[in-house]
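Listed below are the residues making up each chain.
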Number of protein chains: 2
Amino acid sequence: MNSKPRYQQVKDYVLAQLESGALQAKDRVPSENELVEKMNVSRMTANRALRELNDEGLLVRIAGVGTFVADFKATSHVLEVHNIADEIKRRGHEHAALVLQLSRQHARGEIARALQLGQGEDVFHILVVHRENDIPIQLEDRYVRAMFAPDCLEQDFAVITPSAYLSNISPLQEAEHSVQAAMPNAAVTRHLRMKAGEPCLLVMRRTWSRGLPVSFARLHHPGSRYELTGRFAPANSGNNEYTQFSELGRREQ
Amino acid sequence: MNSKPRYQQVKDYVLAQLESGALQAKDRVPSENELVEKMNVSRMTANRALRELNDEGLLVRIAGVGTFVADFKATSHVLEVHNIADEIKRRGHEHAALVLQLSRQHARGEIARALQLGQGEDVFHILVVHRENDIPIQLEDRYVRAMFAPDCLEQDFAVITPSAYLSNISPLQEAEHSVQAAMPNAAVTRHLRMKAGEPCLLVMRRTWSRGLPVSFARLHHPGSRYELTGRFAPANSGNNEYTQFSELGRREQ
DNA sequence: GAGTGGTCTAGACCACTTT
DNA sequence: AAGTGGTCTAGACCACTCT
């Protein structure tokens, strides 16, 4: 029954004191050697427990000084931006994609800047509507550096997501996101079947591969049907370490 | 010069193969014992390297089988929701808060549900406008379980952020967020000095302490002036492990 | 049975800050 | 000098999977 690893037991012991309030922010946490004695573990095991709690942001460790309760557990929480097709499937719903446009263009203005292209370098322009159970849920307006994806025009993006296609070509290594509220133009309104006056949740994403920005996407979502959600909870007694899940969710009601 | 810890050298060795493309998604990564021989380290050191890369989501380990390159490195990226006052100060700007309302109320409808209160249990209602260099940037509409914060009415929320006040009372342990685009009502429009027809980026946040939801907040931000941004980048050669930063940013231009 | 990851130990050396 | 965290090792036992 006490099958939990020893380092996890040490973590639980410390976590319990955090949660009970016995240890407050900036308080000193038992040192590795103190835990070695109290919990009858080796120092490597105590070290792993405290190091992981440090990595998780709950503790702050200072070599030569000690280990302390971190200050701002509550201030910085996490949202994740997922692949839309995976999200839909994870909800057990049907994903369908409709390709509205797939062409090669010269990069101009914002696109050229976002992808760090010289004016006139080529990009592929992909415009796809993603549907969940036939309800439009995302308009993907994506530009891809042409040099990076020479066979882009031959893809069927109704079958393979542009995002999946890109990460197949080469591992993507960096991403940058921004989320904002914006009013859609007429075309976006139409493609997402939105009511007039309804705002969009607009996610902009840039991805890098080997130091070069290779893709820039504007992901429009109808404000009435979508939200980005996240939950953040240290696992008290039972589970592993942290439960962090979130989803690009279709609003239920 | 080669002062980097051995486990980090092992991580770098594996990372280099991920980044060069020598190892693709689902490929098998050298086992701990293979790394022990190739890198001249002990197995504990090889184990730490692979375990950390696993924790970071880059590798998948299966006991009895092997270690493999993770599948969807690019699909799930992170945004963080920060404390507004800290964010403003971090940008070197001036934060000011104007308290519009501070009162005790009976919980009804959505508020009672969100805080899991019986109809009629009391909440404190806090309404504050946060300004960055005198420009309204967030309307905080917050409800706090009355039992949790008996001295709430005596606080000066122009000086201490409600969020900071709450985490002073007791460590907050769980948080739930949703981000959506919505049209503001007339009062929100006025308090944030928004143009007619401009949408809001609306962050809703619930926080828990010791298993009870203690606070529910609607954070309205003018769509034209705010966005939530995030960046995600594994540190290739030089740095620690991961660089994950993000901010609730005032849009620059 | 050979190989894998998962864990644990007892001891070690180091650089650092505190007293 | 004593205490702290940071790292590393050589060996060990286990449960598991694959062949």
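Residues numbered from 1 in each chain as written. Chains lettered and ligands numbered in written order. Predicted model: local features only at pLDDT ≥ 70, side-chain atom pairs only at ≥ 80, totals over all residues. Heavy atoms only, no water.

Examining the overall build of chain A
We apply this condition: Think of it this way: any DSSP run of H or I at least four residues long counts as a helix, any run of E at least two long counts as a strand, and we number them from the N terminus. Burial here depends on accessible area, computed with a 1.4 Å probe over protein chains only, as a share of the maximum for the residue type. Under 20% is buried, over 50% is exposed, and the range in between is partly exposed. Residue contacts follow a heavy-atom distance rule, with two residues in contact if any of their heavy atoms lie within 4.5 Å.
Scanning chain A for helices and strands turns up seven helices and 12 strands. Expressed as a percentage of its 253 residues, the buried residues of chain A come to 56%. In chain A, the share of contacts with a sequence separation of at least 24, taken over all contacts with a separation of at least 6, comes to 59%.

Quick look at the packing of aromatic side chains
Residues and elements named next belong to chain A. For clarity, the cut-off: Pairing of aromatic side chains requires ring centres within 6.5 Å, counting the rings of Phe and Tyr and the six-membered ring of Trp. Pairs whose planes differ by under 30 degrees are stacked, by over 60 edge-to-face, and all others tilted.
Counted according to the given criterion, the structure contains two aromatic pairs over all chains. Ring centres of Phe 157 and Tyr 165 lie 5.5 Å apart, and the angle between their planes is 70°; on these two criteria the pair is classed as edge-to-face. Taking relative accessible area as the criterion, Phe 157 reaches 1% and is therefore assigned buried. Under the relative-accessibility criterion, Tyr 165 is labelled buried at 4%.

A few points about the protein's contact with DNA strand D
Filter applied, for reference: For this description, a residue counts as near a given molecule or strand if any of its non-hydrogen atoms is within 4 Å of it. Polar contact is defined as a pair of N or O atoms within 3.5 Å, subject to the rule that within protein one atom must be able to donate a hydrogen and the other to accept it, and that residues adjacent in sequence are counted only when both atoms are side-chain atoms. Classification convention: Asp, Glu, Lys, Arg as charged; Ala, Val, Leu, Ile, Met, Phe, Trp, Tyr, Cys, Pro as nonpolar; all other residues, Gly among them, as polar.
Around DNA strand D, the structure places 26 residues, and the nearest of them are Arg 43, Met 44 and Thr 67 of chain A together with Arg 6 and Thr 45 of chain B. Of all atoms in DNA strand D that approach within 4 Å of the protein, 65% are sugar or phosphate atoms. Between DNA strand D and Glu 32 of chain A, the relevant distance is 3.0 Å, taken from a phosphate oxygen to a main-chain nitrogen or oxygen of the residue. Within the residue set of the surface near DNA strand D, elements represented by two or more residues are helix H2 (32–39), helix H3 (43–55), strand S2 (59–62) and strand S3 (66–69) of chain A together with helix H1 (6–20) and helix H3 (43–55) of chain B. If you tally residues by element for the surface near DNA strand D, the top one is H3 of chain B, at four residues. Of the residues that constitute the surface near DNA strand D, the class distribution is nine nonpolar, 10 polar and seven charged.

Topic: the protein's contact with DNA strand C
Looking at DNA strand C, there are 26 residues lining it, with Arg 6, Ser 42 and Thr 45 of chain A together with Arg 43 and Met 44 of chain B nearest. Counting only the atoms of DNA strand C that lie within 4 Å of the protein, the sugar and phosphate share comes to 66%. Within the side chain of Tyr 7 of chain A, one N or O atom sits 3.0 Å away from a phosphate oxygen of DNA strand C. Within the backbone of Gly 64 of chain B, an N or O atom sits 3.1 Å from a base oxygen of DNA strand C. Every element with two or more residues in the surface near DNA strand C is listed here: helix H1 (6–20) and H3 of chain A together with helix H2 (32–39), H3, strand S2 (59–62) and strand S3 (66–69) of chain B. Per element, the largest residue contribution to the surface near DNA strand C is four residues, and it comes from H3 of chain A.

Here's the deal with the sheet that holds S2 of chain A
Either a parallel or an antiparallel arrangement is found when strands of a sheet pair, and the pairing is made through backbone hydrogen bonds. Residue and element names in this part refer to chain A. Quick reminder of the rule: Being paired, for any two strands, means DSSP has found at least two bridges between them.
As summarised here, the arrangement of the three strands in space is S1-S3-S2, forming an open sheet in which the pairing is antiparallel. For this open sheet the edge positions go to strand S1 (28–29) and S2, each flanked by a neighbour on one side alone. Inspection of the sheet shows S1 paired to S3 by two bridges, in the antiparallel sense. Opposite Val 29, over in S3, you have Thr 67 as the bridge partner.

Comments concerning the packing of H1 of chain A against H2 of chain A
Residues and elements named next belong to chain A. The criterion, for reference: To get an axis, fit a line to the C-alpha atoms, keeping to the stretch in contact for a helix; angles then go from 0 to 180 degrees between the N-to-C directions. These descriptions rest on fixed angle ranges, namely under 35 degrees for roughly parallel, over 145 for roughly antiparallel, 65 to 115 for roughly perpendicular, and the rest for oblique.
Taken N-terminus to C-terminus, the directions of H1 and H2 make an angle of 105°; their axes are 12 Å apart at the nearest point. In terms of axis orientation, H1 runs roughly perpendicular to H2. Of H2, the residues touching H1 (which contributes Arg 6, Gln 9, Val 10 and Tyr 13) are Leu 35, Lys 38 and Met 39. Across the contact of H1 with H2, the residue classes break down as four nonpolar, one polar and two charged.

Remarks on H2 of chain A
Residue and element names in this part refer to chain A. Going by this rule: Note that the arc is computed from the directions linking the helix axis to the C-beta atoms.
Of the residues making up H2, those classed as buried are Glu 32, Leu 35 and Met 39. All buried residues of H2 fall inside an arc of 60° around its axis, so they share one side. Along H2, exposed side chains directed more than 90 degrees from the buried face belong to Asn 33, Glu 37 and Lys 38. Buried-residue contacts for H2 involve H1, H3 and S2. One or two steps after H2, the chain reaches Asn 40, where phi turns positive at roughly 55°.

Considerations on the environment of Asn 40 of chain B
Residues and elements named next belong to chain B. Here Asn 40 is to be found in the loop between H2 and H3. Given a relative accessible area of 59%, Asn 40 falls into the exposed group. Not counting residues within four places of it along the chain, the set of residues in contact with Asn 40 comprises Arg 6 and Leu 35.

Let's talk about the pairing of strand S10 (residues 212–222) of chain A
Residues and elements named next belong to chain A. By the criterion of burial, S10 is predominantly enclosed, with 10 of the 11 residues buried. With six bridges joining them, strand S7 (residues 135–145) and S10 adopt antiparallel strand pairing. Bridged to Asp 141 within S10 is Arg 218. Both strand S9 (residues 200–209) and S10 contribute to a ladder of 10 bridges, which runs antiparallel. What sits directly across from Cys 200, in S10, is Pro 222. Linking S9 to S10, which pair antiparallel, is a turn of two residues; within it Arg 210 sits at a positive phi near 50°.

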